[in-house]
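Spelled out from the first residue to the last, the chains are:
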Amino acid sequence: MSGGPYNYSYIFKYIIIGDMGVGKSCLLHQFTEKKFMADCPHTIGVEFGTRIIDVCGQKIKLQIWDTAGQERFRAVTRSYYRGAAGALMVYDITRRSTYNHLSSWLTDTRNLTNPSTVIFLIGNKCDLEAQRDVTYEEASKFAEENGLMFVEASAKTGDNVEEAFLETAKKIYQSIQDGRLDLNAAESGVQHKPSTPGRNNLSSDNQGSKDNCSC
Amino acid sequence: MADILSETVAPADLKKFEQIYHEQLSSNSVTSKAQFEYAWCLVRSKYSADIRKGINLLEDLYNTNQEGHRDYLYYLALGTARLKEYSKSLNFCSAFLSVEPGNQQVLSLQQTIKKKLEKEGLKGMAMAGGLVLAVGALVGVALATKGKPSQ
């Protein structure tokens, strides 16, 4: 809030994808409102949410596009993939079919985003252990084989929800610092907000924050 | 600032769905799916003529296709809000909420519209207020200069 026109230095674009009923909107709601939405109706088209987070001392605004899982929206929701810096790919640990469809979600994501897009796999509803239909080990292996980050989470209890969104942001931030993500590329999914006068530019931030940065 | 109302469709996407719709139109076999997808892109266009066209297509769907009502109402609310027809837009939100009272997605759209309305209403009032001041100042100057010669 220190006098600049923006109270964040980056904007990251996220998308949330996956079969219908896996809890995408509930994860978003839990992350932005810290509340569980029971009886969540089917999303129409896309929903939008934002939250400002702190990564390695930098304020980052997440702009999150939560896509409808129903097939009839699929053709148009695909156009939201473009320019996403992060993709949260969600399945339901109590419904194997939602897990089996992951490879097609992954193919879509890879085809429609850029190589630096961070893809995070979330096995939602981990509070329903008794109804589990996909083991942690199996999903973890799938994630590893495909180079995805992975966590099991619960939009209901809030378990690991923050982690998934924040770890994705950390990974994106790391890519910026390593120079793997080109901020000038039109579809990087990251916008750098002009810093206030006298503040460090990106390259000096880089040196300054590397030591105390836990990511 | 990006939000659900300021996001726009990529021209290539609009073109793609327009083409599908027109192909079906020329063979007289428009599916509700193609019409909806095209309308969904149109209401997110930068151009108000496109948005208007999208609204017409959605109204047509609403009258002919019972099962997609919630989708059509939502995008009718979004399209009219983008044209700054806020009261119409809020009516579509209310119609939706009368069927699904707790729908977060529509409640949040409704809130966004109300905020816009408030902000633009205030701006309008500020401009009107400014105008009153300006006219007042002119009248004052006119009176002052008029009064001068007699001094």
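As a reminder, the structure under discussion sits directly above these lines.
Described below are features of the structure shown in this document. Residue positions are given per chain, counted from 1 along the sequence in the order it is written. Chain letters start at A and ligand numbers start at 1, both assigned in the order the entries are written. Selection of residues for local features in this predicted model requires a pLDDT of at least 70, selection of side-chain atom pairs for listing and counting requires 80 or more, and totals for whole chains, interfaces and linings are taken over all residues. Neither water nor hydrogens contribute to the side-chain values; these are computed over all heavy atoms in the structure.

For the rest of this paragraph, the subject is the side chain of A:His29. Checked against the element boundaries, A:His29 lands in helix H1 (residues 24-33). Contact definition: two residues touch when any of their heavy atoms are within 4.5 Å. Once residues lying within four places of it in the same chain are set aside, the contact partners of A:His29 are A:Lys34, A:Lys35, A:Met37 and B:Gln104. The helix count covers DSSP runs of H or I at least four residues long, the strand count covers runs of E at least two residues long, and both are numbered beginning at the N terminus.

Residue and element names in this part refer to chain B. Between helix H2 (residues 32-42) and helix H4 (residues 69-82), whose axes approach to 11 Å, the crossing angle comes to 20 degrees. Our classification of the angle between H2 and H4 gives roughly parallel. For the crossing formed where H2 meets H4, the hand is left-handed. On H4, the residues that touch Ser32, Phe36 and Trp40 of H2 are Asp71, Tyr72 and Tyr75. To obtain each axis, a line is fitted to C-alpha atoms, and for helices this fit is confined to the stretch in contact; angles are then taken between N-to-C directions over 0 to 180 degrees. Under this scheme an angle from 65 to 115 degrees is roughly perpendicular, one under 35 degrees roughly parallel, and one over 145 degrees roughly antiparallel; angles in between are oblique. A clockwise turn of the near helix away from the far one marks a right-handed crossing, whereas an anticlockwise turn of less than a right angle marks a left-handed crossing.

Turning next to the side chain of B:Gln35. All names here are of chain B. Turning to its location among the elements, Gln35 is positioned in helix H2. A distance of 2.9 Å separates a polar atom in the side chain of Gln35 from a polar atom in the side chain of Asp60. When residues no more than four places from it in sequence are discounted, the contact partners of Gln35 are Tyr21, Val30, Leu57, Asp60 and Leu61. Two N or O atoms count as a polar contact when they lie within 3.5 Å, although within protein this holds only if one can serve as hydrogen donor and the other as acceptor, and sequence-adjacent residues are included solely when both atoms are side-chain atoms.

Residue and element names in this part refer to chain A. Note on aromatic contacts: the rings of Phe and Tyr and the six-membered ring of Trp form a pair at centre separations within 6.5 Å, being stacked when their planes are under 30 degrees apart, edge-to-face when over 60 apart, and tilted otherwise. Applying the stated rule across the entire model yields 17 aromatic pairs over all chains. Each ring, one from Trp65 and one from Tyr80, has its centre 5.3 Å from the other, and the planes form 40 degrees; the classification is tilted. With Trp65 in strand S3 (residues 58-67) and Tyr80 in the loop between helix H2 (74-77) and strand S4 (86-92), the pair connects residues that are 15 residues apart, well separated along the chain. Residue Trp65 shares its accessibility class with Tyr80, and that shared class is buried. The buried label applies to any residue whose accessible area, calculated with a 1.4 Å probe on protein chains only, is under 20% of its type's maximum; exposed applies above 50%, and partly exposed to all values in between.

Right, let's talk about the interface of chain B and chain A for a bit. The interface is formed by 22 residues belonging to chain B together with 21 residues belonging to chain A. Buried area between chain B and chain A, both sides added, is near 1900 Å², and the carbon and sulfur share of it is 60%. Think of a salt bridge as a Lys or Arg side-chain nitrogen and an Asp or Glu carboxyl oxygen that are within 4 Å of each other. Counting across the chain B and chain A interface gives two salt bridges. In this structure, B:Asp13 engages A:Arg82 in a salt bridge whose closest nitrogen and oxygen atoms are separated by 3.3 Å. Between the two partners, chain B and chain A, sit seven residue pairs in polar contact (both at pLDDT 80 or more). Gly falls in the polar group here, along with every residue not listed as nonpolar (Ala, Val, Leu, Ile, Met, Phe, Trp, Tyr, Cys, Pro) or charged (Asp, Glu, Lys, Arg). Residue composition of the side of chain B that touches chain A, by class: 11 nonpolar, three polar and eight charged. Put simply, buried area is how much 1.4 Å-probe accessible surface two parts lose in total, over both of them, once they are put together.

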